[in-house]
Amino acid sequence: MRLSHPLSRRRTRRASRGLLAAGLIAIVLVPLALQPGTSPARADDPVFPEVHELYEFRDDSVRGTSRGLAIDKEYMAVVRRTNTVIDDTGATGDIEVIRFNDANEVIEEKHVTAPLSGMELGDQLLINMDRGMLITNVRKGKLEIKGEERDVALLIYELDGTGEWALSRAVARPEGLEFGPYYKFAPTFGDHIAWEGDTLVLGDNLSERRPEPGDEVLGNGAGSMFTVDVTTGEMQAVVPKDENGIQLFSSQYGIGSSFAMSEDYVVAATTRRRTLIDDVWMSDQLLFIWKRDNLFGSPTVVSQPWADGTDFGKIRALPAFGYRMKIDGDTLYVASPMEYNYFGDSMDDPDQGVNDNSVAYGTTTRGAVYTYSLKTGEQIAPKLLPPRHTQNFGSGFALQGNALLVSSYSYLFDEEGTPHVAEGEVHVFDTRQITAPAGPEVVANRREVEPVQLLKPKVPQSEGYLGVEWGGGGVYVSGSRAAVSNFGYYGSMPDPAGGEPVWNLSSAYLFGTVAPNIVELPAEVQAPAIEYGQEGVIRMLVPSASTDGTVTLTLEGVESDTAFDLVNRWGAFTTPAAARDVGDYPVSLHYQSSVNGQFADATGTHTVAKAPTKITPSVPVVAVAGSTQEDDE
């Protein structure tokens, strides 16, 4: 059986291991007595091209801090911590919106500033160029909203008639929210925002919500969740209850730290929730799943799993299950970046137990990605583990088509044998690797898969945390480009040239080409029936294909390749005369783009009919005897 999978049979050794680890079939090419209709494809054409740094954004005034980051189409937006635009507001920081052309050159830069002095633009940043809208959370500042001074939570900007960003509306922090019991100094409302259509979902996982008529006191950091209409600024509280009317937000560290939303679903997580069990605070994290058309009804509740049978909540670890989430149709991908995965023999081993040393040894990793059905709330694939020697797998998380981007950073050994943190990297996985049927590589519901692409800057920053989302930054993708933050190490580093120590400053990068929309294209088989003894033509027509690639024909269990003819949008094969007896032969054809991972599959029939044979009956020649009539003449 041929698996419909976009990975090339010519790949690096690392990617090959990933395929086998995912339980997929490695195809071996066997010569076939076919004559390709076009020139053969280059053997080194990659399905997943290498990803390169296209642009680096630096803010030399900022040391080791996170920032808001967003990307949409050819625009990347970055929050600066220090205002670079002279204006009358005296606002702290500004947003730089950078536009790139097709050659990834900067062709436009615009700045967005806060409306008041001292108002800090936030770590969360959303941009939608189809709507000409940019949204950021904000701290420290009051604005008059509907006639009264209110603490501002969000600022919504829109492009005006001149192409400049103008403040459209402000959204106030809702009344009735108290700061949480342990974080009264840190108003965190809006620290994570999900946006789809006209609706934002946001909250504050460290807050307490005062009781309202009909509500019980949530208290004790239960968190809060609200929806906001981006066109009106109107806000509604979401207080889900079960079928018996009992509120579902309770206990330490509740809802509000992470959301995901699509056209059909809303998902919220309680990434810091803990429950007191036998005098020990245990990690007890939940996901709440709603259909968009029933957001104020009873959600499906998913409990944090312990797939490998080891409850690492007992070692005072909060795995942050649900820290970031992404939706693809009816499938939910859930990051759990601080979750321990242990492969050694003894968790108490000083070198190879559950500790930093063991991460460097490779017997412990931190982080995992879970896959769920949004229809049922059931886990539908083994949890994906990070590459060995890494941790914080999933704090940066993005999804585009079939490409899932996951950040992590590594623990390695220095020359003295001491484990240390190395620069981070962003791994790109094909989601079909993640959801492939479980094979022999799956142990205790855990799967390790090699990524198909890797994002690293040209000059990695030592002790940098590429793609890590600590309050801001992270990984974002649009089309074939990815925007990735680099949370610089907060401290001075030795100057390689031997001079004064230098600061490892925060930065952001633009990468490409990320294999973004690895989608199946429509295709058809053209295989006119032939008569025995004739040459035949078998074509795979892919009308919407826009790139070079390879077409593979499988006939009688044997494969042959030909280059895709971009002019005619087909790959053509010629079958030699009298190659097969009379009969119907199933054919399977596969197109694979050499540029962006798009593919197509189609099946048909190669029919060899009987050749018509002209038969001339043999008629005996009979001599005619002379007639008596003739004699008479």
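The text that follows walks through the structure, step by step, so that each part is easy to find. (Residues numbered from 1 in each chain as written. Predicted model: local features only at pLDDT ≥ 70, side-chain atom pairs only at ≥ 80, totals over all residues. Heavy atoms only, no water.)

**Things to note about the overall build of the protein chain**
Logical step 1: If you tally the helices and strands in the protein chain, you get 4 helices and 49 strands.
Logical step 2: Considering the protein chain as a whole, with its 633 residues, one finds that 52% of them fall into the buried category.
Logical step 3: Taking all contacts inside the protein chain whose residues are at least 6 apart in sequence as the whole, residues at least 24 apart take part in 60%. (Helix = DSSP H or I, 4+ residues; strand = E, 2+ residues; numbered from the N terminus. Buried < 20%, exposed > 50% of the residue type's maximum accessible area, 1.4 Å probe, protein only. Contact = heavy atoms within 4.5 Å.)

**Overview of the sheet that holds strand 49 (residues 599-609)**
Logical step 1: Taken in spatial order, the 5 strands of this open sheet run 43-49-48-45-46, and their pairing is mixed. Two strands close off the open sheet at either side, each with one partner strand: strand 43 (530-531) and strand 46 (558-563). (Pairing = 2+ DSSP bridges.)

**Some details on the nonpolar core**
Logical step 1: Judged by nonpolar contacts, the single largest core of 23 residues is most densely connected at Ile95, Val97, Ile127, Leu134, Leu155 and Trp165.
Logical step 2: Elements represented by at least two residues in this core include exactly strand 4 (75-80), strand 5 (94-100), strand 7 (120-128), strand 8 (133-139), strand 9 (142-145), strand 10 (148-159) and strand 11 (165-172).
Logical step 3: In contact with Val97, not counting residues within four places along its chain, are Tyr75, Met76, Ala77, Glu108, Glu109, Lys110, Val112, Ile127, Leu134 and Trp165. (Core = buried A, V, L, I, M, F, W, Y, C linked by side-chain atoms within 4.5 Å.)

**Observations concerning the packing of aromatic side chains**
Logical step 1: Summed over all chains, the structure comprises 9 aromatic pairs.
Logical step 2: Aromatic side chains Tyr55 and Phe100 sit 5.2 Å apart centroid to centroid with 75° between the ring planes, which places their arrangement in the edge-to-face category. Of this pair, Tyr55 sits in strand 2 (residues 52-63) while Phe100 is found in strand 5, placing the two residues 45 residues apart along the sequence.
Logical step 3: Judged by relative accessible area, which is 19%, Tyr55 ranks as buried.
Logical step 4: Residue class for Phe100 comes out buried when judged on its relative accessible area of 2%.
Logical step 5: Seen in terms of ring centroids, Tyr409 and Tyr465 are 4.7 Å apart; in terms of plane orientation they differ by 80°. Their pairing is edge-to-face. (Phe/Tyr/Trp six-rings, centres within 6.5 Å; stacked < 30°, edge-to-face > 60°.)

**Looking at the pairing of strand 44 (residues 536-541)**
Logical step 1: Examined bridge by bridge, strand 42 (residues 524-526) and strand 44 share 3 bridges and lie antiparallel to one another. If you follow Val525 over to strand 44, its bridge partner there is Met540.
Logical step 2: Summarising the sheet, strand 44 and strand 47 (residues 570-575) pair through 6 bridges and their orientation is antiparallel. Within strand 47, the position partnered with Arg539 by the bridge is Ala572.

**So, the sheet that holds strand 18 (residues 258-261)**
Logical step 1: A sheet is described by the order of its strands in space; here 4 strands give the open sequence 18-19-22-23, paired in antiparallel fashion. On the outer flanks of this sheet lie strand 18 and strand 23 (300-303), each paired with one strand and no other. Put simply, the sheet's adjacent strands are angled 15° from each other on average, direction ignored.
Logical step 2: Where strand 19 (residues 265-269) lies against strand 22 (residues 286-291), 5 bridges are found, and the strand directions are antiparallel. Bridge assignment links Ala269 to a residue of strand 22, and that residue is Leu287. (Axes fitted to C-alpha atoms, helices over the stretch in contact; angles between N-to-C directions.)

**Side note on the pairing of strand 14 (residues 199-204)**
Every other side chain in a regular strand lies on the same face of the sheet, so the side chains alternate between the two faces.
Logical step 1: Counting buried positions along strand 14 gives 5 out of 6 residues, so the element sits mostly inside the fold.
Logical step 2: Of the strand pairs in this sheet, strand 13 (residues 193-196) and strand 14 are connected by 4 bridges, and their pairing is antiparallel. From the neighbouring strand, Glu196 faces strand 14, where its bridge partner is Thr199.
Logical step 3: Connecting the antiparallel pair strand 13 and strand 14 is a turn made up of 2 residues, with Gly197 showing a positive phi of about 65°.
Logical step 4: Two strands pair when backbone bridges link them, and strand 14 and strand 16 (residues 224-229) are joined in this way by 6 bridges, in the antiparallel orientation. Residue Leu200 lies in a different strand from strand 16, and its bridge partner there is Val228.

**A word on unusual backbone geometry**
Most peptide bonds take the trans configuration, and most residues that are not glycine carry a negative phi.
Logical step 1: The linkage connecting Gly512 with the following residue, Thr513, adopts the cis geometry, with an omega of 0°.
Logical step 2: Locating Thr513 in the fold gives a position in the loop between strand 41 (505-512) and strand 42.
Logical step 3: Backbone geometry places Asn392, a non-glycine residue, at a positive phi of 60°.
Logical step 4: Taking relative accessible area as the criterion, Asn392 reaches 3% and is therefore assigned buried.
Logical step 5: If you check the backbone angles, Ala444 has positive phi at about 50° while not being a glycine.
Logical step 6: Structurally, Ala444 can be placed in the loop between helix 3 (431-434) and strand 34 (446-448).

**Some thoughts on the pattern of salt bridges**
Logical step 1: Within this structure, the stated rule accounts for 16 salt bridges.
Logical step 2: One salt bridge in this structure joins Asp198 and Arg131, with 2.8 Å as the shortest N-O distance. Linking Asp198 in the loop between strand 13 and strand 14 with Arg131 in the loop between strand 7 and strand 8, this pair joins segments that are 67 residues apart in sequence.
Logical step 3: On the basis of relative accessible area, Asp198 is assigned to the partly exposed category, the value being 38%.
Logical step 4: Residue class for Arg131 comes out partly exposed when judged on its relative accessible area of 31%.
Logical step 5: Members of the salt-bridge network, linked through shared partners, are Asp72, Lys73 and Asp130. (Salt bridge = Lys/Arg side-chain N within 4 Å of Asp/Glu carboxyl O.)

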